[in-house]
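Each chain, written out:
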Amino acid sequence: MKNITNEADGKKEDKLCLVVFSGSLDKILSAFILATGAAASGMKVIMFFTFWATSAVKKPNPPKLKRTIIEQAFGWMLPRGSRKLPLSQMNMGGIGPKMIRHIMKQKNVASVEEMITMAGELGVEIRVCEMTMDLLGIKKEELIDYPCMSMCGVASVISEASSGSVTLFI
Amino acid sequence: MKNITNEADGKKEDKLCLVVFSGSLDKILSAFILATGAAASGMKVIMFFTFWATSAVKKPNPPKLKRTIIEQAFGWMLPRGSRKLPLSQMNMGGIGPKMIRHIMKQKNVASVEEMITMAGELGVEIRVCEMTMDLLGIKKEELIDYPCMSMCGVASVISEASSGSVTLFI
Amino acid sequence: MKNITNEADGKKEDKLCLVVFSGSLDKILSAFILATGAAASGMKVIMFFTFWATSAVKKPNPPKLKRTIIEQAFGWMLPRGSRKLPLSQMNMGGIGPKMIRHIMKQKNVASVEEMITMAGELGVEIRVCEMTMDLLGIKKEELIDYPCMSMCGVASVISEASSGSVTLFI
């Protein structure tokens, strides 16, 4: 019996693709736990950051840049970097994320920031959605320093997902 | 070495299945960007609309229909069509979606409504969850005109996902 | 043409893996509808409960246990079992979930609790994230009685997902 997928796109790799959409601390945490876990077990891992999730890969203190008024408005409203992310549930005006971060430290669980570093060391690729950056007025200079980061469009997501073994929308 | 998947279900197609659950403008937008992107690159695409997401495929001005009191209550509370969808984050009483729509227009990004039309032209199939329609009191007559739309149950989702190459829950 | 996935991990099974993250009634319901639907059609099904979703597999009246102050705080704030879950949209201070439950009963749709029982009978496996239990201070004694339940880490999710045919993040 023939394998139609293989005929269609060449091959299926042992590759995890994460389309990270949500900008909440808990989901970003989940994404990086899955990404580093998969990379540590030898899978190729690509994380696509789109929409609200792009806040997680922004620098906490971005350089001053020229912006339109709407871009400035988004700049004020969107979290500046992973340390400012809210929770998807039980945010309680910012107390929830502080509680989670406190207990993670107490239990010796790596913080999101440490996980991002770990992901970089493990070769996890990060691709940031160009359209999101354009819409929300995010500039390249605002993104964190990360060893394997690039910009991408939807075609890149589709092509990697279609040749990968597991793809999740988070 | 034998491919067990192929033995189990016959074949794996280059097919994208999207289980669209969330009824927020940003996630519906993401779903249609992925759907049209995949269809444009030659993949077969099926979108399953369930729960809150069904609001996105409702007509803005549905015909008057007989309804029970609970169905009327849901009718009042649920958004009437894609133009009334909230954001999953930063909704700000409806200002958020207006800002996103404004900036999308300014940057020449297609609106959700234009993407739905495009999806139809690209042959993206839409299947709406029968149980959701029954529970929320949505009638067939309320759904938008779309070239390849049908009703479905969970068996249809499982069967398509199991034979497809990529399935996402949005 | 060789199948690289098969070389890498041996085989791809007709298996549905659900990473259940959200703790809202509507998404938990969706997860169990997919899980029981897939199991009924002969697929192997594993549900991984992580973060907020662990509330859904907690007993409504857990035994008294020794807890730290932070664990007590989480214990007060997190829902006690599936009957207390909120909705992800239109929660309206708890009226939303009551309306959905009411209409589900009226339309003879199984409740979440009945679906959990059904899932157990159909052999759906439940694995609860150890790190979540540690972070949120949830003890084994607090989890519902379920025929095939165990604890797990991220390696278990990656390994099952990588050898399964469909994996969703809910």
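The structure we're discussing is the one just above.
This one's a predicted model, so the numbers in the text were calculated from it and none came from an experiment. For every chain, the first residue of the written sequence is number 1, and numbering continues from 1 along that sequence. Going through the entries in the order they are written, you letter the chains from A and number the ligands from 1. Reporting of local features is limited, given that this is a predicted model, to residues whose pLDDT is at least 70; pairs of side-chain atoms are given and counted only at 80 or more, and all residues count toward the totals for whole chains, interfaces and linings. To obtain the side-chain values, all non-hydrogen atoms of the structure were included, while hydrogens and water were left out.

*Asks:* Any chance you could break down the overall build of chain A for me, citing the residues and the numbers?
*Replies:* When helices and strands are tallied, chain A shows seven helices and five strands. Only DSSP runs of H or I covering at least 4 residues are called helices, and only runs of E covering at least 2 are called strands; the numbering of each starts at the N terminus. Its helices and strands in sequence order give chain A the pattern α-β-α-β-α-α-α-β-α-β-α-β, from N to C terminus. Relative to the globule expectation of 15 Å for 170 residues, the C-alpha radius of gyration of chain A, 17 Å, shows essentially globular dimensions. If one aligns the C-alpha atoms of chain A with their principal axes, the spans along those axes are about 55 × 45 × 30 Å. Accessible area is worked out with a 1.4 Å probe on protein chains only. A residue is then buried under 20% of its type maximum, exposed over 50%, and partly exposed in between. Taken across its 170 residues, chain A has 58% of its residues classed as buried. Taking the contacts inside chain A whose residues are at least 6 apart along the sequence as the reference set, 74% of them involve residues at least 24 apart. Here the open area of atoms and residues is found with the Shrake-Rupley method and a 1.4 Å probe, where only the protein chains shown may cover a residue. Summed over its atoms, the accessible surface of chain A is roughly 7,100 Å², and 55% of this surface lies on carbon and sulfur atoms. As a reference, a globule follows 2.2 Å times the number of residues to the power 0.38, and the radius of gyration itself is taken over C-alpha atoms. Note on definitions: a residue-residue contact is assigned when non-hydrogen atoms from the two residues lie within 4.5 Å.

*Asks:* Could you give me a rundown of the side chain of B:Ser163, with the residues and numbers involved?
*Replies:* All names here are of chain B. Inspection of the secondary structure assignment puts Ser 163 in helix α7 (residues 154-163). By relative accessible area, Ser 163 is classed as buried at 13%. There is a polar contact of 2.9 Å between the side chain of Ser 163 and the side chain of Lys 15. Definition of a polar contact: a pair of N or O atoms within 3.5 Å, with one able to donate and the other able to accept a hydrogen when the atoms are protein atoms, and with sequence-neighbouring residues admitted only if both atoms are side-chain atoms.

*Asks:* How would you summarise the environment of A:Val128 if you had to cite specific residues and measurements?
*Replies:* Residue and element names in this part refer to chain A. Note that Val 128 resides in strand β3 (residues 125-129). A C-alpha to C-alpha distance of 28 Å links Val 128 and Lys 105, two positions 23 residues apart in sequence. Each residue touching Val 128, except ones within four places of it in the same chain, is listed here: Phe 49, Thr 54, Val 57, Met 133, Leu 143, Met 149, Ser 150, Met 151 and Cys 152.

*Asks:* Describe the interface of chain B and chain C, with residues and values.
*Replies:* Contacts between the two partners involve 33 residues from chain B, matched on the other side by 36 residues from chain C. Of the roughly 2,900 Å² buried where chain B meets chain C, counting both sides, 73% is carbon and sulfur surface. We define a salt bridge as a side-chain nitrogen of Lys or Arg found within 4 Å of a carboxyl oxygen belonging to Asp or Glu. Our count for the contact surface shared by chain B and chain C stands at two salt bridges. The partner of C:Lys107 in a salt bridge is B:Asp134, and the shortest N-O contact between them spans 3.2 Å. Inspection of the chain B/chain C interface yields four residue pairs in polar contact (both at pLDDT 80 or more). Listed by contribution, the elements that provide at least two residues to the side of chain B that touches chain C are α1 (4-9), α3 (69-77), α6 (130-136), α7 and β5 (164-169) of chain B. Ten residue types, Ala, Val, Leu, Ile, Met, Phe, Trp, Tyr, Cys and Pro, are classed as nonpolar, four, Asp, Glu, Lys and Arg, as charged, and the remainder, Gly among them, as polar. Across the side of chain B that touches chain C, the residue classes tally to 20 nonpolar, seven polar and six charged. Take the accessible area each of two parts loses on contact, using a 1.4 Å probe, and add the two losses: that sum is the buried area.

*Asks:* Describe the packing of α7(B) against helix α2 (residues 25-40) of chain C, with residues and values.
*Replies:* Note on definitions: angles span 0 to 180 degrees between N-to-C directions of axes, and those axes are lines fitted to C-alpha atoms, for helices only across the stretch in contact. Direction vectors running N to C along α7(B) and α2(C) enclose 70°, while the axes themselves pass 9 Å from each other. The angle between the axes of α7(B) and α2(C) places the two elements in the roughly perpendicular class. Touching B:Val154, B:Val157 and B:Ile158 of α7(B) are C:Ile33, C:Leu34, C:Gly37 and C:Ala38, all from α2(C). Looking at side-chain class alone, the contact of α7(B) with α2(C) contains six nonpolar, one polar and no charged residues. Angle categories: roughly parallel below 35 degrees, roughly antiparallel above 145, roughly perpendicular from 65 to 115, and oblique for all the rest.

*Asks:* Just give me the short version of the relation of the copies chain B and chain C, but keep the residues and values in it.
*Replies:* Copies of the same chain, two in number, are related to each other by a rotation about an axis and a translation along it. Under the fitted operation, chain B is carried onto chain C by 0.0 Å of movement along the axis and a turn of 120°, and the coordinates agree to an RMSD of 0.0 Å. The two molecules are tied by a three-fold rotation axis, judged by turn and shift. Alignment of the copies relies on least squares applied to C-alpha atoms, considering only residues that score at least 70 for pLDDT in both.

*Asks:* Outline the sheet that holds strand β5 (residues 164-169) of chain C, supporting the account with residue identities and numerical values.
*Replies:* All names here are of chain C. Spatial strand order, β4-β3-β2-β1-β5: five strands in an open sheet with parallel pairing. Two strands close off the open sheet at either side, each with one partner strand: β4 (149-152) and β5. Strand-to-strand twist in this sheet, taken as the mean axis angle between neighbours without regard to direction, amounts to 20°. DSSP calls a pair of strands paired once it identifies at least 2 bridges connecting them.

*Asks:* So what about the layout of surface pockets? Which residues, and what values?
*Replies:* For each structure, a 1 Å grid was placed over the protein atoms alone; sets of points admitting a 1.4 Å probe that cannot get out are labelled cavities, open sets with protein on both sides within 12 Å along at least five of seven lines are labelled pockets, and lining residues have an atom within 4 Å of a point. Grid points are joined across faces, edges and corners, and a volume is the space filled by probe spheres set on the points. A volume near 550 Å³ is recorded for the largest pocket. Along the wall of the largest pocket there are 23 residues; nearest its centre are A:Lys27, A:Ser88, B:Lys27, B:Ser88 and C:Ser88. Broken down by class, the residue content of the lining of the largest pocket amounts to seven nonpolar, 13 polar and three charged.

*Asks:* Which residues make up the pattern of salt bridges, and what values go with them?
*Replies:* Between side chains of opposite charge, a pair can form when the charged atoms approach closely. Residue and element names in this part refer to chain B. Evaluation of the coordinates by the stated rule reveals 30 salt bridges over all chains. The salt bridge involving Arg 127 is made with Glu 160; its shortest N-O contact spans 3.0 Å. Separated by 33 residues along the polypeptide, Arg 127 in strand β3 (residues 125-129) and Glu 160 in helix α7 bring together distant segments of the chain. Each of the two residues, Arg 127 as well as Glu 160, counts as buried.

*Asks:* Residues and numbers for the environment of B:Glu113, please.
*Replies:* Residues and elements named next belong to chain B. As for its placement among the helices and strands, Glu 113 is situated in helix α5 (residues 112-121). Since its relative accessible area comes to 16%, Glu 113 is described here as buried. For the pair Glu 113 and Leu 136, spaced 23 residues apart in sequence, the C-alpha to C-alpha distance is 23 Å. Beyond its immediate chain neighbours, meaning those up to four positions away, Glu 113 contacts Ser 82, Arg 83 and Arg 101.

*Asks:* Which residues make up the interface of chain C and chain A, and what are the values?
*Replies:* Interfaces are often sized by the amount of accessible area the parts lose when they come together. Across the contact, 33 residues belong to chain C and 36 residues belong to chain A. When chain C packs against chain A, close to 2,900 Å² is buried across both sides, 73% of that on carbon and sulfur atoms. Inspection of the region where chain C meets chain A yields two salt bridges. In this structure, the connection of chain C to chain A is made through four residue pairs in polar contact (both at pLDDT 80 or more). Of all the secondary structure elements, the ones that give two or more residues to the side of chain C that touches chain A are α1 (4-9), α3 (69-77), α6 (130-136), α7 (154-163) and β5 of chain C. In the side of chain C that touches chain A, the residues fall into 20 nonpolar, seven polar and six charged.

*Asks:* Help me get a handle on the nonpolar core, residues and values and all.
*Replies:* By size, the foremost hydrophobic cluster in this structure holds 178 residues, and its most contacted members are A:Met47, B:Met47 and C:Met47. Those residues in contact with C:Met47 that sit more than four places away from it in its chain are C:Leu18, C:Val20, C:Ala31, C:Phe32, C:Ala35, C:Val124, C:Glu125, C:Ile126 and C:Arg127. Within this scheme, the nonpolar core is defined by two criteria: the residues are buried Ala, Val, Leu, Ile, Met, Phe, Trp, Tyr or Cys, and they are joined through side-chain atoms within 4.5 Å.

*Asks:* Lay out empty space enclosed by the protein with the relevant residues and their values.
*Replies:* Scanning all chains against the criterion turns up six cavities of 30 Å³ or more. Size it by volume and the second largest cavity reaches roughly 80 Å³. For the second largest cavity, the full set of lining residues is A:Lys27, A:Phe169, A:Ile170, B:Lys27, B:Phe169, B:Ile170, C:Ser22, C:Lys27, C:Phe169 and C:Ile170. Each residue belonging to the lining of the second largest cavity can be placed in one class, and the counts come to six nonpolar, one polar and three charged.

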